[in-house]
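# Fold and geometry: a report
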Amino acid sequence: MADAGESAAPLGVFDSGLGGLTVVHALLEELPAEHIIYLGDTARVPYGTRSAETVVRYARSCAKVLTDRGVKALVIACNTVSAVALDILRAELDLPIIGVVEPGAQAGAREAEARAKALGSPVKIGVLGTQGTIASGAYPRAVSQISTRLEVVGQAAPLLVPLVEEGWLEGEVPELAVRRYLEPLIGAGAGVVVLGCTHYPLLKSVIERVAAEIAGHPIPVVDSAHAASAMVVEWISQGRIAAAPRGERAASARLEVLVTDRPASFADVASRFLGERVPEVFQIDLS
Ligand code: DGL
């Protein structure tokens, strides 16, 4: 990995839309000294229903916007991009890049192993993700690097992304959609559910409730966004590229938000999620 450059440089984070804010939310808690530039490609969301070639093309253009702004590292806050484009971006760009699949798989494996130990029988990992993420096989691959004993079952849940982009996070409609996707997953034996899309943690309370109803007991729900932020924190301190020593604020600390369409509606849902910390949302053109 190349030298990350000045520690005061910003950290670049991107996703197809709002989902990556679940990673930013965790990063703001853990790394309050950092200057974070977030890019949501709202003109082209969803990525999860597109071909791998298209996602790679979109990912390159998002990464370029951020590297042109001098970021010291890139966080791909999107499972779909992490599943199909992480290795390509790592080979093409000369800066550290972290994705969300590996930390999500690690957190899911830890939870499944702990539960299997408590129950005295094997526990399957259920992954909810976009069509692109599930079709890529990225989660079973990542889990097999951790343990060959763990089994992964996947379920594409494409309708959950537009619900989140609409800010429709509670009530009958999200509950019905979540039930439709969880029933086959839990029916296939999933005893732990990994949220393999960064949009889904916004629906976490609905997912936990419906999963417990279907299974008849609570099912652990693991959030890949949270797991990724923990990995970024560790990696920033190990790489000595923090903007300030842990616990201190830096003068450069701030969040900058860029989107490719509909900044006002993005700002509305984002501020409900991140509270007052959402600054002005700027629209940019990737073409
Ligand atoms: N939030 C993204 C993910 O983690 C993408 C959702 C989408 O654009 O389909 O996969």
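Data block above holds the structure.
The sections below set out a description of the structure shown in this document. What you see is a predicted model; the values in this text were computed from it and never measured.

### Description of the sheet that holds strand 8 (residues 221-223)
If you walk across this open sheet you meet the four strands as 6-5-7-8, and the pairing is parallel. Since the sheet does not close on itself, it has two edges, and those belong to strand 6 (152-156) and strand 8, each with one partner. The average angle at which neighbouring strand axes cross in this sheet is 25°, direction not considered. Bridging between strand 7 (residues 190-196) and strand 8 involves three bridges; their strand directions are parallel. Opposite Leu-195, over in strand 8, you have Asp-223 as the bridge partner.

### So, the packing of aromatic side chains
We describe a pair of aromatic rings using the distance from one ring centre to the other and the angle between the two ring planes. With the rule as written, the count across this model stands at two aromatic pairs. Between the aromatic rings of Tyr-47 and Tyr-58, the centroid separation amounts to 5.2 Å while the plane-to-plane angle is 50°, which identifies the pairing as tilted. Of this pair, Tyr-47 sits in the loop between strand 2 (35-40) and helix 2 (52-68) while Tyr-58 sits in helix 2, and the two are eleven residues apart along the sequence. In this pair, the class of Tyr-47 matches that of Tyr-58, namely buried. A cation sits over an aromatic face here: Arg-44 above Tyr-58, 3.9 Å from the ring centre.

### Structural notes on the nonpolar core
Ranked by internal contacts, the top residues of the largest apolar core, which has 33 residues, are Val-13, Leu-21, Val-24, Tyr-38, Val-232, Leu-255 and Phe-266. At the level of secondary structure, the elements contributing two or more residues to this core comprise strand 1 (11-15), helix 1 (21-30), strand 2, strand 3 (73-76), helix 10 (224-238), strand 9 (254-259) and helix 11 (263-274). With residues near it in sequence (within four places) discarded, Val-13 still touches Val-24, Leu-27, Ile-36, Ile-37, Tyr-38, Leu-39, Leu-66, Val-75 and Ala-77. Counting 28 residues, the second-largest nonpolar core is a separate cluster that includes Val-153, Leu-160, Leu-163 and Leu-169.

### What to know about the sheet that holds strand 4 (residues 97-98)
Taken together, the six strands give an open sheet; going across it, the order is 4-3-1-2-9-10, and neighbouring strands pair in parallel fashion. Each end of this open sheet is capped by a strand with a single partner; those strands are strand 4 and strand 10 (281-283). Bridge count for strand 2 against strand 9 is six bridges, and the pairing is parallel. Within strand 9, the position partnered with Gly-40 by the bridge is Val-259. The strands touched by helix 2 are strand 1, strand 2, strand 3 and strand 9; relative to strand 1, the strand with the most contacts, the crossing angle is about 155°.

### Digging into the pairing of strand 5 (residues 124-129)
The element strand 5 is extensively covered by neighbouring structure, given that five of its six residues are classed as buried. Pairing of strand 5 with strand 7, which is carried by six bridges, proceeds in the parallel orientation. Across the sheet, residue Gly-129 finds its bridge partner in strand 7, namely Gly-196. For strand 5 and strand 6, the ladder comprises five bridges, and the chain directions are parallel. By the bridge assignment, Gly-126 is partnered in strand 6 with Val-153.

Procedures and definitions
- Residues numbered from 1 in each chain as written.
- Predicted model: local features only at pLDDT ≥ 70, side-chain atom pairs only at ≥ 80, totals over all residues.
- Heavy atoms only, no water.
- Pairing = 2+ DSSP bridges.
- Helix = DSSP H or I, 4+ residues; strand = E, 2+ residues; numbered from the N terminus.
- Axes fitted to C-alpha atoms, helices over the stretch in contact; angles between N-to-C directions.
- Phe/Tyr/Trp six-rings, centres within 6.5 Å; stacked < 30°, edge-to-face > 60°.
- Buried < 20%, exposed > 50% of the residue type's maximum accessible area, 1.4 Å probe, protein only.
- Lys NZ or Arg CZ within 6 Å of the ring centre and 35° of its normal.
- Core = buried A, V, L, I, M, F, W, Y, C linked by side-chain atoms within 4.5 Å.
- Contact = heavy atoms within 4.5 Å.

Distances and angles like these do not, on their own, reveal function.
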